Amino acid sequence: MSRIVTIDDVRAAARLLEGVTIRTPVQPIRVVSEMAGTHVMLKLENLQRAGSFKVRGAYNRMSRLTPQERQVGVLAASAGNHAQGVAYAARRLGIDAIVYMPKDAALPKIAATQDYGAEVRLVGETVDEAMIAARAEVEATGKVLIHPYDHVDVVAGQGTVALEILEQVSDVGTIVLPLGGGGLVAGVATVLAQVWPQVHVIGVQSENAASFPDSLAAGRPVPRRVGATIADGIAVGTPGDVTFEILDRLGVEVRTVSDEQISQALLVMLERAKLVVEPAGAAAVAAVMADAKGMPGTIVPVITGGNIDPLLLMRVIQHGMVSSQRYLRLQVRLVDRPGALAVLAETLAGVQANIKDMEHSHTDTSLGMFEALVTLDIEAKGPAHCDEIMAALTAAGFTPTRSKPR
């Protein structure tokens, strides 16, 4: 299989996708623009059909199957977005699809994949284990594996995002994209290198699952153990051969962000842009918020997906609140006498600190005979307010210590 993707391949994919995908909008976001010191426009692929950009590559790949390949059907392995993209494309094309998903895949993603008409098989604990099962069935049945990123037709389909951005943002200077296996970044970089090379492309990985930096340094795909990250959609242990070759040849810059930065970006998307975004989809915004140096011109972060389990969304919002210092956990030693707790509460009320939870202990081994330890979870308004709370408590004679909120 050729690993070369051309602008003609991407333009052909765009024609195939007419009426299948939507031309997702771009939206300015003032708060991130102020952080970056330049204009920032969000490309909203979270509003794409099936909830992410993945349908672009899946449909382009599957529409090019031979009649014989369509007859035997397709297989895929995914924890979410690629599963839904393949299922949606299969329904449009009248192809039978089986998708292997990890046993702990989010129930809404399983249900959405099934609703599009695909058969879902839950296998293993990770996507890698699901992929092993899918490949075994390919060998046994001759069905076609639709890889989530490592195929030229998938890369060409994802590259159609760049064609839209160039038409929608005339002064685009930098495009920032979440980076997992590399299909989207490879497709976008291919387009820009051939038609608008002055636009800078940056791929963003979770620092706990960043396989590309080591691979680019080594000059070949290098496996990396994937650590725990909230951005499971871009947690890929080894770059694809096709995508690595493109990113390496075009010299694409790769940055990493922490889970704390991702959760802060997701909270900004929810509060300020009124957008529901999955953690992986917010990685590009996280990179812009963290450091916009080296991002010339109008910056376009691509919001790649909005398929998030509501239960995970609740946890991520809380994580983002903690990372943004909107929650503060304190431990305060008190002399164990009547009224001491009231003085503490009055001091906090004086600086508009809202107590969300409180524990009062006399049994901590570090306490003196007439001491009590009070642990407080406080709703704060940001770093400056946290500092004000600490200063007020200290001025009132307390010795507060900060600890990590639950």
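Keep in mind that this is a model prediction, so the values were computed, not measured.

Reading the values: the criteria
Residues numbered from 1 in each chain as written. Predicted model: local features only at pLDDT ≥ 70, side-chain atom pairs only at ≥ 80, totals over all residues. Heavy atoms only, no water. Helix = DSSP H or I, 4+ residues; strand = E, 2+ residues; numbered from the N terminus. Buried < 20%, exposed > 50% of the residue type's maximum accessible area, 1.4 Å probe, protein only. Contact = heavy atoms within 4.5 Å. Areas by Shrake-Rupley, 256 points an atom, 1.4 Å probe, with all protein chains shown as cover. Lys, Arg positive; Asp, Glu negative; His and termini not counted. Charge placed at Lys NZ, Arg CZ, Asp CG, Glu CD. Phe/Tyr/Trp six-rings, centres within 6.5 Å; stacked < 30°, edge-to-face > 60°. Salt bridge = Lys/Arg side-chain N within 4 Å of Asp/Glu carboxyl O.

Novice: Break down the overall build of the protein for me, citing the residues and quoting the values.
Specialist: Each helix and strand counted, the protein has 17 helices and 14 strands in total. Overall, the C-alpha framework of the protein stretches about 85 × 45 × 40 Å when taken along its three principal axes. Expressed as a percentage of the 406 residues in the protein, the buried residues total 55%. Taking all contacts inside the protein whose residues are at least 6 apart in sequence as the whole, residues at least 24 apart take part in 72%. Of the roughly 17,600 Å² of accessible surface on the protein, a fraction of 52% belongs to carbon and sulfur atoms. When the 37 basic and 43 acidic side-chain charges of the protein are each reduced to a single mean position, those positions are 3 Å apart.

Novice: Any details on the packing of aromatic side chains? Residues and values, ideally.
Specialist: Tallying each qualifying case throughout the model produces one aromatic pair. Relative to Tyr 116, the ring of Tyr 88 lies with its centre 5.6 Å away and its plane at 80°, an arrangement referred to as edge-to-face. Remark: Tyr 116 occurs in the loop between helix 6 (107–115) and strand 5 (119–122) and Tyr 88 occurs in helix 5 (residues 81–93); sequence separation between them is 28 residues. The residues Tyr 88 and Tyr 116 share a single accessibility class, namely buried.

Novice: Explain the pattern of salt bridges to me, and be specific about the residues and the numbers.
Specialist: Throughout the structure, instances matching the rule amount to 13 salt bridges. The partner of Glu 119 in a salt bridge is Arg 121, and the shortest N-O contact between them spans 2.8 Å. Residue Asp 291 is joined to Lys 293 by a salt bridge in which the shortest nitrogen-to-oxygen separation is 4.0 Å. A relative accessible area of 33% places Asp 291 in the partly exposed class. You can call Lys 293 exposed: its relative accessible area is 64%. If you follow the salt bridges from partner to partner, you end up with Lys 43, Glu 45, Arg 56 and Glu 164 in one network.

These figures come from the coordinates and say nothing about function on their own.
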